[in-house]
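Survey of secondary and tertiary structure
Here is how the chains run, residue by residue.
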Amino acid sequence: MGDPIAHSLSPVLHRAGYVAVGLDWEYDAALVPAGGLAGFVAGLGAEWRGLSVTAPLKREAMALADVVSDRAELVGSANTLLLTGGEVHADNTDLPGAVAAVRERYDGSIRSATILGGGATAASTGLAMVELGAESVRVAVRQPERAEEAVVRIAAHHAAPGVEIISLDDANDDTDAIVSTIPVAAQTDRLVAACAGVEVLFDVVYDPWPTPLSGVGGTVVSGLDLLVHQAALQFTAFTGVAAPLAAMRAAGEAALRERTA
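Residues numbered from 1 in each chain as written. Predicted model: local features only at pLDDT ≥ 70, side-chain atom pairs only at ≥ 80, totals over all residues. Heavy atoms only, no water.

Another point: the pattern of salt bridges. If you walk through the whole model with that rule in mind, you get 12 salt bridges. Among the ionic pairs, Arg142 bridges to Asp169, the shortest N-O distance being 2.5 Å. Highlighted residues: Arg142 in the loop between β6 (136-141) and α7 (148-155) and Asp169 in the loop between β7 (162-167) and β8 (177-180), separated in sequence by 27 residues. For Arg142, a relative accessible area of 52% corresponds to the exposed category. Here Asp207 ties to Arg259 by a salt bridge, and the two come within 2.7 Å at their closest N and O atoms. Residue Asp207 is found in the loop between β9 (200-203) and β10 (219-221), and its partner Arg259 is found in helix α10 (residues 245-260); the two are separated by 52 residues along the sequence. A relative accessible area of 36% places Asp207 in the partly exposed class. Ionic contacts of the salt-bridge type, sharing partners, join the residues Glu104, Arg105, Asp225 and Arg249 into one network. (Salt bridge = Lys/Arg side-chain N within 4 Å of Asp/Glu carboxyl O. Helix = DSSP H or I, 4+ residues; strand = E, 2+ residues; numbered from the N terminus. Buried < 20%, exposed > 50% of the residue type's maximum accessible area, 1.4 Å probe, protein only.)

Here we come to the nonpolar core. Ranked by internal contacts, the top residues of the largest apolar core, which has 31 residues, are Val102, Ile110, Met129 and Phe202. For this core, the secondary-structure elements that each account for two or more residues are α5 (94-105), β5 (112-116), α6 (120-131), β6, α7, β8 and β9. If sequence neighbours within four positions are ignored, Met129 has contacts with Val102, Ile110, Ala113, Ile115, Ala134, Ala177, Val179 and Phe202. In this structure, Leu44, Leu57, Met62 and Val88 belong to the second largest nonpolar core, which totals 18 residues. (Core = buried A, V, L, I, M, F, W, Y, C linked by side-chain atoms within 4.5 Å. Contact = heavy atoms within 4.5 Å.)

The omega torsion across Ala55 and Pro56 is 5°, close enough to zero to call that bond cis. On the secondary structure map, Pro56 appears in the loop between β1 (50-52) and α3 (58-64). For the bond running from Asp207 to Pro208, omega is 10°, close enough to zero to count as cis.

On to the packing of aromatic side chains. One pair of aromatic rings is described through two measures. These are the centre distance and the angle between the planes. Per the counting criterion, the structure on display carries 3 aromatic pairs. With 6.3 Å between their ring centres and 85° between their planes, Phe40 and Trp48 make a pair best called edge-to-face. An aromatic cluster of at least three residues, connected via ring pairs, comprises Tyr18, Trp25 and Phe235. (Phe/Tyr/Trp six-rings, centres within 6.5 Å; stacked < 30°, edge-to-face > 60°.)

Below is the structure:
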């Protein structure tokens, strides 16, 4: 659920997972605008098990929950609501999903990272970089005030590194990893050239793909990698069954190919 939602590949991934493990479950996309989450959840029947939440509802999901996980508290937003025992439990699978996405592609050390963009995704991916060992994190933005909450969230980690805000114009490849949370339109030729020598490039965009930044970096981690891993964690939380990662990824890749055909 979110607004917009028609672009989401989450239904494709979850439905493929149900088929792969033999579950007769349903998963649909619902257009829910800002301010509409509480009313939507209140209208759900007892057959509902969980919800995947995207923008602009992730902070509303936190406020709605009876129980909030430690990692959702750390990130300051929830992308997962589990309906169980008459309660609403909020979690965030973006953070562990980002860690898993990077580790699937790259097993080297990450001591420093630069996050392009300063929104909610910057907070979760910045925290993921700390989980992966980053001792310094830069958040690169056009408007410094837009990155303040992300910086506070990253700095609150128990292994908090040095965190600083820099101008997007000053971002470069003098770091082990670059995480882009900015749209394709903001990935200028100058920015792409400045990032060209980075060891790990993680672009959270999955449609369109490839992006300008996805052509740089020794190891490239895609938005689909992130989407699959965070969806797999949701799948297991909802069903209690180990997620069929390969089947979910294959379905996502096929759906993206259809979009660009």
